[in-house]
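Structural overview
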Amino acid sequence: MAGKPKIKELLNESACAHSPTKKAACNAPTPGATTGGCAFEGAQISLFPYADAAHLVHGPITCLGASWETRATKTSHPGRDFTQMGFTTDITNNDVVFGGEGKLRDAIAHILTHYAPSAIFVYATCVTALIGDDIDAICKEAAEQYGLPVVPVHAPGFVGGKNLGSRLGGEAVLRHLIGTAEPEFTTDFDINLIGEYNVTGDLWQYSHLLEELGIRVLSTLSGDGRIAAIRTAHRARLNVLVCAKSLISLTRKMQERYDIPFVSLSFYGKRDTSAGLLAIAEALGDSDLIERTQKLIVREEAKLEERLAPYREVFRGKKAVLNTGGNKAWSIAAALQDLGIEVVATAVGKSTEADREKAREYLGPDAVLMTKPGQEQARIIDETGAQLLLAGGRSLYTAIKKGIAFADVNQEKKKSYGGYAGLLNLAEDLRNALENPVFRNVARRAPWEK
Amino acid sequence: MAGKPKIKELLNESACAHSPTKKAACNAPTPGATTGGCAFEGAQISLFPYADAAHLVHGPITCLGASWETRATKTSHPGRDFTQMGFTTDITNNDVVFGGEGKLRDAIAHILTHYAPSAIFVYATCVTALIGDDIDAICKEAAEQYGLPVVPVHAPGFVGGKNLGSRLGGEAVLRHLIGTAEPEFTTDFDINLIGEYNVTGDLWQYSHLLEELGIRVLSTLSGDGRIAAIRTAHRARLNVLVCAKSLISLTRKMQERYDIPFVSLSFYGKRDTSAGLLAIAEALGDSDLIERTQKLIVREEAKLEERLAPYREVFRGKKAVLNTGGNKAWSIAAALQDLGIEVVATAVGKSTEADREKAREYLGPDAVLMTKPGQEQARIIDETGAQLLLAGGRSLYTAIKKGIAFADVNQEKKKSYGGYAGLLNLAEDLRNALENPVFRNVARRAPWEK
Amino acid sequence: MGEVMMKTRKPLQVNPFKLSQPMGATLAFLGVDRCMPLMHGAMGCTSFAKVYYTRHFCEPIAIQTTAVTDVTAILDGGDTSIVEAVKNITAKVSPGLIGLHSTGLTETKGDDLRGVASKIDFPLVYVNTPDYEGGLESGWALATQAMIEQLVAPTEEINDDKLVLLPHVGLTSIEVEKLKEFIAAFGFDVLALPDLSTALDGHLGEKQAALSSGGIAVGEIRRLADAGLVVSVGDSMRGCAEALQKKNPFIRHRHFAQVSGLSGTDALASWLLAESGRELPPPAVVRWRKRLQDAMLDSHFSLGQTRVLAVGEPDQLAGLCLTLHEAGARVSVAISTVASSSLEKIPAERVLVGDLEDAENLGGDYDLVVGNGHCEALAHRLHKPLVLRGFPNWEEVGNPLKHDVLYEGGAYFLCECANAAEKFRGHG
Amino acid sequence: MGEVMMKTRKPLQVNPFKLSQPMGATLAFLGVDRCMPLMHGAMGCTSFAKVYYTRHFCEPIAIQTTAVTDVTAILDGGDTSIVEAVKNITAKVSPGLIGLHSTGLTETKGDDLRGVASKIDFPLVYVNTPDYEGGLESGWALATQAMIEQLVAPTEEINDDKLVLLPHVGLTSIEVEKLKEFIAAFGFDVLALPDLSTALDGHLGEKQAALSSGGIAVGEIRRLADAGLVVSVGDSMRGCAEALQKKNPFIRHRHFAQVSGLSGTDALASWLLAESGRELPPPAVVRWRKRLQDAMLDSHFSLGQTRVLAVGEPDQLAGLCLTLHEAGARVSVAISTVASSSLEKIPAERVLVGDLEDAENLGGDYDLVVGNGHCEALAHRLHKPLVLRGFPNWEEVGNPLKHDVLYEGGAYFLCECANAAEKFRGHG
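Residues numbered from 1 in each chain as written. Chains lettered and ligands numbered in written order. Predicted model: local features only at pLDDT ≥ 70, side-chain atom pairs only at ≥ 80, totals over all residues. Heavy atoms only, no water.

**Structural notes on the interface of chain D and chain A**
Of the residues lining the interface, 57 residues belong to chain D; the matching set on chain A comes to 56 residues. Buried area between chain D and chain A, summed over both chains or domains, comes out near 4,700 Å², and the portion from carbon and sulfur atoms is 62%. The interface formed by chain D and chain A holds two salt bridges in total. Residues D:Lys18 and A:Asp90 are paired through a salt bridge, measuring 2.9 Å at the closest nitrogen-oxygen approach. Linking chain D with chain A are 21 residue pairs in polar contact (both at pLDDT 80 or more), by the criterion used here. Examining the composition of the side of chain D that touches chain A, we find that eight residues originate from one element, helix α2 (residues 43–57) of chain D, more than from any other. Tallied by class, residues from the side of chain D that touches chain A come to 25 nonpolar, 17 polar and 15 charged. Where strand β2 (residues 87–88) of chain A and strand β2 (residues 13–14) of chain D come together, two bridges link them in antiparallel fashion. The partner of A:Thr88 across the bridge, within β2(D), is D:Gln13. (Contact = heavy atoms within 4.5 Å. Buried area = accessible area lost by both parts, 1.4 Å probe. Salt bridge = Lys/Arg side-chain N within 4 Å of Asp/Glu carboxyl O. Polar contact = N/O pair within 3.5 Å; in protein donor to acceptor, adjacent residues only side chain to side chain. Helix = DSSP H or I, 4+ residues; strand = E, 2+ residues; numbered from the N terminus. Nonpolar A, V, L, I, M, F, W, Y, C, P; charged D, E, K, R; others polar. Pairing = 2+ DSSP bridges.)

The structure is reproduced here in structure tokens:
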């Protein structure tokens, strides 16, 4: 059970979506020219949503102090939501010199005494990895002593970026939790949702549809997840990988080990949501289920269209420039198109080949795939007459200078844009942005400016 | 039924507590040297607590605009609390010229349609009295048309002060409500509480004790009152006049008309509360009830003393100067003494002879009865070493200059000081004042002051 | 601009937030140093006003009444009670000015204030303020105009650097102070009439409230007519500026409907640059403009999904609604106490003259309430967040320190509104 | 002063509000104009800090990372990653300064920042800020001290009117601005180091966050040593003042533990009067003192029955608690992130170094919470009102505009606390 995962192996993961030519850049960030989180953050992202498990960060204060309560991952767990709590050994100078193992042991005991979680994840961090604390041994010992899973997570920040960390988080779940318990019963339509973190309740935008179709979510990694459930994940009939390529290694290994097939999909936008539901039904391979799914899609799309009608008027003829990274470059674009907004440009500077292809496919031949969006976007707004810029906060000034509406795609979301219903939230927010006079007003020249 | 009350008669009211020598001053306020509200305000005070009745002020905006929602009279009425609502015909220039009767009629209709109160009180005000709107006729007509009490209240501001207005309010209730309905049943221990307005829930500090003793509050004028109840008030065995001499004319008339005796008492402080309970029992004349009351008093006083114990330590040896008017000059003093605070001076500048006597009786021979408290209080604080000044906001600066604690006795109370339990609130507030370093701190001299 | 309904056709006000003219006049006189406002009416009018303002400002309030009673109400033209009141007041204190203002009662009687005043040998300004006409805003303006007409000495001299500021009643003490500072920073000597910035600004003094403490001095009022410029803020104050111009035909007048938000403050700054002949405003002005711009952007996402009910006096309402609108809030309902030309400029979907019953009936149309303390019950009942503004606010301390105008106030106000809306969205 | 428990004996922090030294250093560098903070560690440390401050300030934040990875972490003394980072940064932008600060990872490795820095031919200040020592406050102070030690040119000249202000990390942008203005009003030329008042003050600029924008200029830092006076505010800043004195033995130093409340501001004003040789402070200072006195009285009744939990960085905590205590609030529990000499001065019944688990365990002891955004969940769960102060506050916009110090800030802060307590008492 124990033993650290082989990082090199994970980096070379055969199912990695990064194109082979980009691998080097993907592994080694450039000093002084890098943004993005570390492996520890990736592990947090993938595991913290287990609200019935305590998440103990074995490291100095930076790792947890600046990161807890940052994500709006929701849970229906009736007990205290440990996702929104922070536990850290807060390693001090003394621990660096003499080792932090004793402290870690005591911290685990404290948590068990005071909070009675279903499991404890113990996260190694840069410093505690470097000083050589044997968290595997301590976790094993605690698990035996207290009789509940105590899972070591080996994703110290220096091993790489967020994606790798998420993979390492998945690895820890695979090694220490999956397959350690049996479900009370199984059904033909049991699935695991992998990589859905239920941020702002995204999962709940479509889970009721799965339920209506008779598809049971046996477990999740890890949105609205429960430890007891993920332990039984090996009995599912299908792994559904939601918008999270970093966990593809997990699903591949589960296929090898437990013979569970997987599908990779997204619930963002109308077309993707419909396609996703159908993909699950088809993967489960039941013709009746497929038929029911098709009917449900027709019904839901019609309902959505009806509710979108008042927005369509606002969006008619509107053009948007999209400046964001990764799969958002096309997934948001798709959602915008679903709303009737023309996407005239999207940013692909740091995208993979696959993402670029997808972007071209969605946007069509006339759209611009920007490689240096910071420099290009202003010109494209001028040329296309776009009325909306979707980008990170840094680009706000561009929108103001052009006097067009702006939406911050990196801002912490407060409501879900997922599934059919989420598209209505997106429509509402974009209508608000388009109708908001603030961009025009802020652009007013000061009386003393020429 | 109809017809305005004779103001002169009310002013000469035989049971008026003002000493005969003070009557002139009491009737005619001095221009440029007067504080205090008008008759309309008095009527408001005595009648607004009927939370199930709408209170329609027929006048320009001043009368209601500046006065609604000013009193924390509480109600247990489950419907909308009309006490905390404002209704006014908002008389305009046009109405002054052409008369406001039509508007008043329509306003009554509006209220009935939209709020369905148990009754409507219609208050005349200076302007509408002067322009001669016949509110009696309109009220009578509306009462007949809609089949519920519509009570004209003739207390325009110019007829006199608050006390007179309260009396006029009582008069309206006597003429139009009392005796217009019969109770479902009666008991030997039915009482009316007259002049208890349940400010901050004062009534509820002792009503449970009455209930425990088997004394039923048949009706009130008007704290936590109901129209249906006051209509049956003529069947009570006793009128209990709570701290409100202005309504003594009402109780006297009810004695004449319905043979209901009355007692006048207060529930402020431990001694008064005990005395008040006993007075009610004795007036009801049942020896068993008297005995039960005596036992209850012993029990309640013991319970109070136990809860007061932690405060006594703080109050030991503390001296207070009290600068307030009317019956507060001795009733607050009594409560302070109940807490173990020595009252070294009280203000009697505008008090009646009776109030002065009572003050002397409570405070003892050594205390100062201040006639010009504004000038005297600073010296008395110096001489006696008093640690606490209880007065209106204007005296705050005196306390600061002397570096002693201050409590604003005129400030709108937020919690009840009534009954036994209220004394604990008073104790808590006074302890907070005595322990509050703010008076000392504020008195710090500025660095640039000599 | 949305639909403006100048008056609901109701025969009454239910839960009114309108206030009377005499109360506005009282407040204007409290903005004059060592003044004793004297309300001519039954003692209740004065008592209500006194208690009301004492609670709102958390300060003792100087005010007296002529205490009109039954007998005088019917028999007398007001002479006795006014003359006696002045006698009794001056027997105890020495005011710099007595501010005599009438009420509905004495106006209905038809008392001749002017005639009585002419017989009184004491600095006194009189003003007719029946409470069955106008409201708080017009009462304040009428008293101010009366002070100008009756006190200011005519002249033809002009001091180019001297500027008279005439603020509407909705501007708080700090707002008047900030406005004076803003203008002064361009090199002007500013005098405000009335001036609450040094009077009811919540300062501890040796105040027994025998008289108003702080505010513009009577001597300063007398000498206002040599100002080169007069600035009126709020449509209610136009008449006052014109009255001052009658004292000196060379005074130039500039009117601002409000001085709120980016555009409102820009207009003021722009005019001040031109008048002062400067190229640039002081650095603090430049900096606060950028902060307001940033606050507009920081709050726009929240405000852009927030529908607002705003209630208040017309001139204040115009400023608040403009500020909110500029940052993307949808002012779905604006309710004013009285009719005013200001209402036509309010960028709201619906503007009406009404009461809180109207507000409650439109409860489905807004998410956030900006209004006075009477809105507390409404907000609580309808379960909506409330940003407390206007008279009265008995719920909070620090009312005179609230600052919503100019670049700086706008930045704070927008943040407060956005935060109130978000907090509520968070907890529902 | 109550019982001070310097450290709870727990093996962990549960719901910590402590922040790391590197994050404090980052912030200090952001108070320097055209600076690029460069954090030496794994990319996560930087990413967390960037996201954290972006949300708190609602501004893009300039910061870079040396992106230490597995290979360099083990093999390299830091040279490569730092040198390469500087090269990559300067290839794109032209910072006035690079602010290099370390993390736990690189300190554990034992990287020799000084040695590396000596090889870099670019304006760079380095500072060792392991995150397993100290906290936000000490990180800020260490970075400031490093800037003084490494940038300021020694001199023996003295400019009597020049005053250097060294504010602790808990002072907001507006607080630094107000403090500068307060001191400048006594006739001094004030320079603050670091200076967030013009940097992270929430102003709209043409910021792509390529570099910090606003703050003290590097050239100004270099020339700080001819100041006649240096004022440190907050015990954490004492060392910085001493470092500056080493650059010029003639600089006189005055320390203030805080500049809050009546007594705290009096101390500052008193000293400024003496140093400036003036009889009276500017009128605005006199007026705001009276307003603070009034706010203390207006809020005392509410605060006198309110028991407060205050959590924060030591220096900020000391100021907030003093202000509350002066107005009669009972600070029943004060919880600090780290130990500090400031804690001994806090007028609270109980002072501890701890976390929000400790706060929650003492939930019965307080009625009002003053603390950062992490207290939101606590306040909600325990059903208590919250006044949001300190890092982080992701719930609200306008954080840099919050002003609690000096007479003025104290008045606003007390009103806010009293209103929060009363609103809650009203609705329960």
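**Topic: the sheet that holds strand β5 (residues 190–194) of chain A**
Residue and element names in this part refer to chain A. The strand order β6-β5-β7-β8 describes an open sheet built from four strands, whose pairing is parallel. The open sheet has two edge strands, β6 (216–221) and β8 (262–265), and neither has a second partner. Put simply, the sheet's adjacent strands are angled 25 degrees from each other on average, direction ignored. (Axes fitted to C-alpha atoms, helices over the stretch in contact; angles between N-to-C directions.)

**Here we look at the UniProt feature "domain: Nitrogenase/oxidoreductase component" (unreviewed entry) in chain A**
The positions that UniProt labels "domain: Nitrogenase/oxidoreductase component" (unreviewed entry) are, in the present scheme, residues 38–434 of chain A. Annotation note: span residues 38–434 of chain A, helix share 48%, strand share 15%, distance between end C-alpha atoms 35 Å. (UniProt positions renumbered as here; feature names shortened; annotations may be inferred.)

**Observations concerning empty space enclosed by the protein**
Tallied over the entire structure, the rule returns 18 cavities of 30 Å³ or more. By volume, the largest cavity amounts to about 300 Å³. Together, 27 residues line the largest cavity, and D:His56, D:Gln316, D:Arg389, D:Gly390 and D:Phe391 are the ones closest to its centre. Of the residues belonging to the lining of the largest cavity, the class tally is 11 nonpolar, 11 polar and five charged. Residue contributions to the lining of the largest cavity reach at least three from each of two domains, namely domain 1 (3–12 + 285–427) and domain 3 (159–282) of chain D. Estimates place the volume of the second largest cavity at around 190 Å³. Forming the walls of the second largest cavity are 19 residues, and the residues nearest its centre are C:His56, C:Thr172, C:Gly390, C:Phe391 and C:Asn399. Of all the secondary-structure elements, those providing two or more residues to the lining of the second largest cavity are α2 (43–57) and α8 (173–184) of chain C. Classifying every residue of the lining of the second largest cavity by side-chain character gives seven nonpolar, eight polar and four charged. Structurally, the lining of the second largest cavity is a two-domain feature, drawing no fewer than three residues from each of domain 1 (3–12 + 285–427) and domain 3 (159–282) of chain C. (1 Å grid on protein atoms, 1.4 Å probe; cavity = no way out; pocket = protein on both sides within 12 Å on 5 of 7 lines; lining within 4 Å. Points joined across faces, edges and corners; volume = space filled by probe spheres on them. Domains from an automatic or database assignment.)

**With respect to the domain arrangement of chain C**
Residue and element names in this part refer to chain C. With domains assigned, chain C is organised as domain 1 (3–12 + 285–427), domain 2 (21–134) and domain 3 (159–282). Between the C-alpha centres of domain 2 and domain 3 there is a distance of 26 Å. Contacts between the two partners involve 21 residues from domain 2, matched on the other side by 21 residues from domain 3. Between domain 2 and domain 3, the buried area comes to about 1,600 Å², and carbon and sulfur atoms account for 69% of it. Together, Gly 31, Asp 33 and Glu 59 form the three largest contributors to the area buried by domain 2 at its contact with domain 3, with a combined 30%. Between domain 2 and domain 3 we count zero salt bridges in total.

**Details of the packing of α8(C) against helix α11 (residues 261–276) of chain C**
All names here are of chain C. One can describe the packing of α8 onto α11 by two numbers: an axis separation of 10 Å at closest approach and a directional angle of 35 degrees. Between α8, through Leu 179, Phe 182 and Ile 183, and α11, the contact on the second element is made entirely by Thr 265, Leu 268, Ala 269 and Leu 272. The class makeup of the residues in the contact of α8 with α11 is six nonpolar, one polar and no charged.

**As for helix α13 (residues 314–326) of chain D**
Residues and elements named next belong to chain D. Here α13 contains 13 residues, and its C-alpha end-to-end distance of 18 Å stays within 8% of the 18 Å for a straight helix at 1.5 Å per residue. In terms of residue burial, α13 counts as a mostly covered element, since 12 of its 13 residues are buried. Buried residues of α13: Pro 314, Asp 315, Gln 316, Leu 317, Ala 318, Gly 319, Leu 320, Cys 321, Leu 322, Thr 323, Leu 324 and Glu 326, and no others. Gly 328 lies just past α13 and shows a positive phi near 100 degrees. (Expected span 1.5 Å × (residues − 1). Buried < 20%, exposed > 50% of the residue type's maximum accessible area, 1.4 Å probe, protein only.)

**Considerations on the interface of chain B and chain C**
Taken together, the 58 residues of chain B in the interface contact 57 residues of chain C. In total, about 4,700 Å² of surface goes out of reach between chain B and chain C, with carbon and sulfur atoms giving 62% of it. Between chain B and chain C we count two salt bridges in total. Between chain B and chain C we count 21 residue pairs in polar contact (both at pLDDT 80 or more) in total. Of all the elements, helix α6 (residues 101–115) of chain B adds the most residues to the side of chain B that touches chain C, at six residues.

**Some points on the environment of D:Cys35**
Residue and element names in this part refer to chain D. Tracing the backbone shows Cys 35 in strand β3 (residues 35–40). Overall, the relative accessible area of 0% leaves Cys 35 in the buried class. As for Cys 35 and Pro 95, which are separated by 60 residues in sequence, their C-alpha atoms are 5.3 Å apart.

**As for the pairing of strand β3 (residues 119–124) of chain B**
All names here are of chain B. Most of β3 is tucked away: six of the six residues are buried. Here β3 shows a buried face lined by Ala 119, Phe 121 and Tyr 123 and a second buried face lined by Ile 120, Val 122 and Ala 124. In the sheet, strand β1 (residues 53–58) pairs with β3 via six bridges, with the strands oriented parallel. In the sheet register, Ala 53 faces β3, and the bridge partner there is Ala 119. When β3 meets strand β4 (residues 150–153), the two strands line up parallel, connected through four bridges. When the bridges of β4 are listed, Phe 121 appears paired with Val 151.

**Here we look at the packing of helix α7 (residues 136–151) of chain D against helix α10 (residues 238–247) of chain D**
Residues and elements named next belong to chain D. Where α7 contacts α10, the two axes come as close as 9 Å, and the packing angle between them is 5 degrees. For the element pair α7 / α10, the angle class is roughly parallel. On α10, the residues that touch Ala 141, Thr 144, Gln 145, Ile 148 and Glu 149 of α7 are Gly 239, Cys 240, Ala 243, Leu 244 and Lys 247. In terms of residue class, the contact of α7 with α10 is built from five nonpolar, three polar and two charged. (Parallel < 35°, antiparallel > 145°, perpendicular 65-115°, else oblique.)

**Things to note about the packing of aromatic side chains**
Pairs of aromatic rings are described using the distance from one ring centre to the other and the angle between the two planes. If you walk through the whole model with that rule in mind, you get 42 aromatic pairs over all chains. Summarising the aromatic geometry, the rings of A:Phe40 and D:Phe48 are spaced 6.2 Å apart at their centres and angled 75 degrees between planes, so their arrangement reads as edge-to-face. Of this pair, A:Phe40 sits in helix α3 (residues 39–47) while D:Phe48 sits in helix α2, which puts the two residues in different chains. There is no split in this pair, since A:Phe40 and D:Phe48 are both buried. Where B:Tyr206 meets B:Phe267, the ring centres are 3.7 Å apart and the plane angle is 15 degrees; that geometry is what we call stacked. Of the two residues, B:Tyr206 is situated in the loop between β5 (190–194) and α10 (207–213) and B:Phe267 in the loop between β8 (262–265) and α13 (270–284); the sequence distance between them amounts to 61 residues. As far as burial versus exposure is concerned, B:Tyr206 and B:Phe267 are alike and both buried. An aromatic cluster is built from A:Phe40, A:Phe48, A:Tyr50, A:Phe121, A:Tyr123 and D:Phe48, whose rings are joined through pairwise contacts. Above the face of the A:Phe185 ring, A:Arg216 is positioned so that its terminal group lies 4.2 Å from the ring centre. (Phe/Tyr/Trp six-rings, centres within 6.5 Å; stacked < 30°, edge-to-face > 60°. Lys NZ or Arg CZ within 6 Å of the ring centre and 35° of its normal.)

**Quick word on the side chain of C:Asn372**
Residue and element names in this part refer to chain C. Secondary-structure assignment places Asn 372 in the loop between β14 (368–371) and α15 (375–382). Reaching out from Asn 372, the side chain makes a polar contact with the backbone oxygen of Phe 391 at a distance of 2.7 Å. Apart from the residues within four sequence positions on either side, Asn 372 is in contact with Phe 17, Val 311, Leu 388, Arg 389, Gly 390, Phe 391 and Pro 392.

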